[in-house]
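Observations on the model geometry
Read off the chains here:
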Amino acid sequence: MSMQSSISHYSDQIKQAVVDKQLLQIAGNQSKVPVDDDAQLLSISDHSGIVSYDPAELVVTVKAGTKLSELSAVLAENNQMLGFEPPEYGNSTIGGTYACSLTGPSRPFRGGLRDFVLGTQLIDGQGREMRFGGKMLKNVAGYDVSRMLCGSKGSLALVTELSLKVLPLLEEKTYCIPMPEGEAILLMNKMQGTSLPLTGCAYFEGQFYYRVAGEHPTQDNRVEVSACSNAVWKTLNPFQPTLAPGEKLWRLDVESTNPAIENTIAVGMGGTRRWVASKNKPNHPYVTLWQSRFAPRNNDKPCVQKIKAGLKEVFDPHHIFKDL
Amino acid sequence: MDVIQALEEALNKNSILSSEEACRPYECDGLSAYRQKPLAVALPEDIDEVKQVLKICKAHDTPVITRGSGTGLAGGTLPLENSVILGLSKLNKIIHVDPLQRTAIVQPGVRNIQVSDAAAKYNLYYAPDPSSQVACSIGGNVAENSGGVHCLKYGLTVHNVTSLTVLDMNGETIIFDEKDDGIDLLALLNGSEGLLGVIVEIKLKLIPKPEAAQLVMAAFNSVKACADAVTNVLKQGIVPAGLEMMDKFSIQAAEDFAQVGYPVDAAALLLCEVDGSHDQVKVDAKRVADILTENGAYEIRVSQNEKERIELWQGRKNAFPAVGRYSPDYYCMDGTIPRSRLAYVLEEIDHLSEKYGLKVANVFHAGDGNLHPLIMYDANKPGELEETEKFGQEILKLCVDVGGTITGEHGVGVEKLDSMCHQYPEAELEIFHGIKAVFDNSGLLNPGKAIPTLHRCAELSHMHVHNNQLPHPELERF
Ligand SMILES: Cc1cc2nc3c(=O)[nH]c(=O)nc-3n(C[C@H](O)[C@H](O)[C@H](O)COP(=O)(O)OP(=O)(O)OC[C@H]3O[C@@H](n4cnc5c(N)ncnc54)[C@H](O)[C@@H]3O)c2cc1C
Ligand SMILES: Cc1cc2nc3c(=O)[nH]c(=O)nc-3n(C[C@H](O)[C@H](O)[C@H](O)COP(=O)(O)OP(=O)(O)OC[C@H]3O[C@@H](n4cnc5c(N)ncnc54)[C@H](O)[C@@H]3O)c2cc1C
């Protein structure tokens, strides 16, 4: 099937849904989201494959249903990678990862998913095919819609294609030092202010972990620094701990220097990400319940809610795409 | 009471300018070919005063055009006759630098270079470095999503802003933060050219200064060889901190101006900077030099110390004024193209240059495909400015046709409204107008800039009817 025809098939489905007043639930591989009774599945997982890739331009264009694992493998053949280290939940798609704006431990050092987005092809809630941005590393023509839609979770448009900046694969080494959480938070902040070529800083189970890329000075062995496996970054990303009965997993976004938070079981992303296991919601402005269904935070201020509601009318005026 | 009186009553009288003479500096920005006296200029001293200006203008149905330092090159701050210019130069305080967190909170009128100056004592700096950094404001940088020579490695403004405080046309405060859930409104505000809100406070990322940096200069006999060499550097997994290319004319002009020893006989010159730890830089500079030699560089110079490195940059950094000496006026274009099409695009620009009888110098951010052709003209010659603009538009069309875009970093402003019609079809433009209306229902914030009306695009394509097929047949034509 040619790319054009597979896209028009999606826009037809959306146009029909407008006529039928049928709610659509967009899904990649449904890594975790079940389809609700009131909605019809609009799956993009068949729309998969690399559209274009020129390693020297540092840009890849890929169909949204492509599995992360496939994409990463193609990049690795050319000694390149996705710079935002997306979590691999099993068969995640690049479109779903984008729609959830999922990013790994390297975020403070190389940037998050949104920092690598250059352009999108999408279909809006009226079934119109569009393109925003492009394949260029620099482009300021028009509003940055393709970055804005990161985190839109299928609520505004069906994303069919993405252009992403890619980076060279790096050789990385991990070191660790045993210490309490509070000290680790302080140390990771101090280290990020030095010229050490860091690509990860975390605290987990009594150890401060840091990861360094490329040529760097030998690490000081006198202060209990030991070289350790890079595997810890996979343990933290995606982070899927075993919880005690009744406990829930909470994802907190904080300033990197935020002191230790009660019930924290891991500190990631250079201190800006805290994972808390507790029965009750931690009292903090930026908390997400990390569970088997999306739990909207609903802590936007009224003025931001109004903007989001307004944008929904712009992209999906008939409210065809289900908000998750 | 009219809007000027109301503003004078609310703010310090000296903060409101309305005479012909006092308004003159605000008649244009860096795109000086376009000029218009505004109704008045308001220069508030704090956020409360900004709010008052907005409320008063809203009440009087008066358009507001936010202005930072006025170095924009696309006419983004061009006044309307009935508009108030909201100048933010007095909001120039660095509110807080947090060395441990590596962030700075600043007011919008702070100049780009001041942030790095303030961070220097902690061995930190603010990475985006537009060539205009001594003058341009952080507010303007955010509104344009500005880049600099180091953005291939360290990112554009959007990559280095973590939070924005914005006022809407009602003077209401909205905060956009990287920690927000759901869609990325923070990203949307970057590059929004003053149409979605007035940015009054910005939180920026600071990064540690690299331990070392080295510059490799290489001369080539052809543009293509130079572009191919860049391709091979990037393919080998090196991400240079800076990667700049100049054509023959720019090399000569820069050398005449700065006398830094550029090879004036070269068809193309490449400046490639690597930075990082001492060990990494040593390895990378050697690899870069080797790759460039293998790819046909006939002369290579590697900076041996900081003084030499800075000197070698001087020619490139002064390329615009250097070219400016050859001509009464020059017009700076800002397209992006895939690097693989550079040789073709430069050839086509040569043809256009002959067609219009206007000389062009080209400087190129080779890492990210951002091309700056500088068209030389004389505004005093009748008709020459118009010809120059036509020439410029043809260059931008060329950029779009090879898969690039009409602006890499300078924005659309008023300058590239027509080119936007070429880049974006109607549905996309409708979405843009929809977004604008969500943020600014009154349409009073910088009206008429950045996004062309559908009517304008229809008119324009009307003038370029191909094969008797009229684009946008559904639109009414006046
Ligand atoms: C136990 C567990 C808990 C998790 N908790 C969360 C959580 O709380 N919050 C969170 O963000 N992620 C969470 N994730 C991760 C997330 O659910 C998926 O791993 C990720 O979405 C990628 O999967 P997918 O590609 O199969 O997308 P899907 O799971 O199919 O879809 C994920 C979301 O993206 C949207 N989407 C998918 N493709 C497109 C497209 N092409 N265009 C537009 N929208 C699209 C869908 O509508 C949906 O909202 C969790 C994962 C697990 C296993
Ligand atoms: C010699 C020279 C070299 C240059 N080099 C570069 C370069 O290397 N890279 C690059 O990207 N650009 C470059 N520029 C262009 C220009 O400097 C940038 O666009 C800069 O970011 C503009 O900042 P400003 O403060 O002068 O903004 P202004 O010109 O005052 O305004 C620009 C736009 O931003 C809006 N705006 C300004 N402040 C705010 C605010 N607080 N809130 C909302 N909207 C606002 C205005 O309405 C306008 O649309 C150069 C310009 C010159 C003259």
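About the thresholds
Residues numbered from 1 in each chain as written. Chains lettered and ligands numbered in written order. Predicted model: local features only at pLDDT ≥ 70, side-chain atom pairs only at ≥ 80, totals over all residues. Heavy atoms only, no water. Helix = DSSP H or I, 4+ residues; strand = E, 2+ residues; numbered from the N terminus. Buried < 20%, exposed > 50% of the residue type's maximum accessible area, 1.4 Å probe, protein only. Contact = heavy atoms within 4.5 Å. Areas by Shrake-Rupley, 256 points an atom, 1.4 Å probe, with all protein chains shown as cover. Lys, Arg positive; Asp, Glu negative; His and termini not counted. Charge placed at Lys NZ, Arg CZ, Asp CG, Glu CD. Buried area = accessible area lost by both parts, 1.4 Å probe. Salt bridge = Lys/Arg side-chain N within 4 Å of Asp/Glu carboxyl O. Polar contact = N/O pair within 3.5 Å; in protein donor to acceptor, adjacent residues only side chain to side chain. Nonpolar A, V, L, I, M, F, W, Y, C, P; charged D, E, K, R; others polar. Domains from an automatic or database assignment. Near = heavy atom within 4 Å. Pairing = 2+ DSSP bridges. Disulfide = S-S within 2.5 Å. Axes fitted to C-alpha atoms, helices over the stretch in contact; angles between N-to-C directions. Parallel < 35°, antiparallel > 145°, perpendicular 65-115°, else oblique. Left-handed = near helix turned anticlockwise from the far one by under 90°.

**A look at the overall build of chain B**
Across its full length, chain B carries 17 helices and 19 strands. C-alpha extents for chain B along the principal axes are approximately 70 × 65 × 45 Å. With 478 residues in all, chain B has 60% of them scored as buried. Excluding contacts between residues fewer than 6 apart, the proportion of contacts in chain B whose partners are at least 24 apart in sequence is 70%. When the accessible surface of chain B is totalled, it reaches about 18,100 Å², and 49% of it is carbon and sulfur. Counting 42 positive and 67 negative side-chain charges, chain B places the averaged centre of each group 4 Å from the other.

**Topic: the interface of chain A and chain B**
At the interface, 57 residues of chain A touch 76 residues of chain B. Summed over both sides, the interface of chain A with chain B buries roughly 5,900 Å², with 61% coming from carbon and sulfur. Counting the surface chain A buries against chain B, the share from its top three residues, Lys138, Val140 and Tyr143 of chain A, is 17%. Applying the counting rule to chain A against chain B returns six salt bridges. A salt bridge links lysine 203 of chain B to glutamate 255 of chain A; the shortest N-O distance between them is 3.2 Å. There are 29 residue pairs in polar contact (both at pLDDT 80 or more) connecting chain A and chain B. Elements supplying a minimum of two residues to the side of chain A that touches chain B: strand 7 (129-133), helix 5 (145-148), helix 6 (181-192) and helix 8 (302-315) of chain A. Among the residues making up the side of chain A that touches chain B, the classes are represented as 24 nonpolar, 15 polar and 18 charged.

**Topic: the domain arrangement of chain A**
Residues and elements named next belong to chain A. Assigned domains within chain A: domain 1 (3-168) and domain 2 (172-289). The straight-line distance from the C-alpha centre of domain 1 to that of domain 2 is 28 Å. The interface is formed by 14 residues belonging to domain 1 together with 17 residues belonging to domain 2. Summed over both partners, the interface of domain 1 with domain 2 buries about 1,200 Å², with 55% contributed by carbon and sulfur atoms.

**Focus: the site of ligand 1**
Residues and elements named next belong to chain A. Taken together, 29 residues lie around ligand 1, and Ile26, Gly28, Gln30, Ser31 and Thr93 are the ones closest in. Between ligand 1 and the protein, one listed contact pairs an oxygen atom with a side-chain N or O atom of threonine 93 at 2.5 Å. Within the side chain of tryptophan 290, one N or O atom sits 3.4 Å away from a nitrogen atom of ligand 1. A total of 940 Å² of accessible area belongs to ligand 1 in isolation, and the protein chains cover 93% of it. Of all the secondary-structure elements, those providing two or more residues to the shell around ligand 1 are strand 1 (23-27), helix 3 (94-99) and strand 8 (157-165).

**Quick look at the sheet that holds strand 1 (residues 16-17) of chain B**
All names here are of chain B. If you trace the four strands from one edge of the open sheet to the other, you get 1-2-4-3, paired in mixed fashion. Looking at strand neighbours, the two that pair on one side only are strand 1 and strand 3 (64-67), the edges of this open sheet. The pairing of strand 2 (residues 40-42) with strand 4 (residues 84-87) spans three bridges and is parallel. Within strand 4, the position partnered with alanine 40 by the bridge is valine 84.

**What to know about the site of ligand 2**
Residues and elements named next belong to chain B. Surrounding ligand 2, one finds 32 residues, the nearest of these being Thr66, Gly68, Thr71, Ser132 and Ser137. Serine 69 is positioned such that a nitrogen or oxygen atom in its backbone is 2.8 Å from an oxygen atom of ligand 2. Taken by itself ligand 2 offers 970 Å² of open surface, and the protein chains cover 92% of this. Every element with two or more residues in the shell around ligand 2 is listed here: strand 3, helix 5 (138-144) and strand 10 (198-205). The leading source of residues in the shell around ligand 2 is helix 5, at five residues. The class makeup of the residues in the shell around ligand 2 is eight nonpolar, 20 polar and four charged.

**Focus: the state of the cysteines**
Covalent bonding between the sulfur atoms of two cysteines defines a disulfide. Residues and elements named next belong to chain B. Enumeration over the complete set of coordinates arrives at one disulfide over all chains. Across the disulfide from cysteine 421 sits cysteine 457; the S-S distance is 2.0 Å. Its S-S torsion of approximately -75° makes the covalent link between cysteine 421 and cysteine 457 left-handed. Here cysteine 457 lies in helix 17 (residues 454-463) and cysteine 421 lies in helix 15 (residues 417-423), a separation of 36 residues in the sequence. Of the two residues, cysteine 421 and cysteine 457, both sit in the buried class. For the unlinked cysteine cysteine 57, the closest cysteine sulfur is that of cysteine 23, found at 13 Å.

**Topic: the side chain of glutamine 280 of chain B**
One can find glutamine 280 of chain B in helix 10 (residues 278-294). Here glutamine 280 of chain B falls in the buried class, since its relative accessible area comes to 18%. Within polar-contact distance, the side chain of glutamine 280 of chain B engages the backbone nitrogen of glutamate 215 of chain A at 2.7 Å. Setting aside residues no more than four positions away along its own chain, glutamine 280 of chain B makes contact with Gly214 and Glu215 of chain A.

**Here we look at the packing of helix 1 (residues 3-10) of chain B against helix 3 (residues 47-59) of chain B**
Residue and element names in this part refer to chain B. It is at 10 Å that the axes of helix 1 and helix 3 come closest, and there the two elements cross at 155°. By the angle class used here, helix 1 and helix 3 are roughly antiparallel. Two packed elements cross with a definite hand, and for helix 1 against helix 3 that hand is right-handed. Here helix 1 contributes Val3, Ala6, Leu7 and Ala10 to the contact with helix 3, which in turn contributes Gln52, Val53, Ile56 and Cys57. Taken together, the residues of the contact of helix 1 with helix 3 break down into seven nonpolar, one polar and no charged.

**Quick notes on the domain arrangement of chain B**
Residue and element names in this part refer to chain B. For chain B, the domain assignment lists domain 1 (3-87), domain 2 (94-208), domain 3 (212-318) and domain 4 (327-411). Here the C-alpha centroids of domain 3 and domain 4 sit 23 Å apart. Each partner contributes to the interface: domain 3 provides 14 residues, whereas domain 4 provides 14 residues. Between domain 3 and domain 4, the buried area comes to about 1,200 Å², and carbon and sulfur atoms account for 64% of it.

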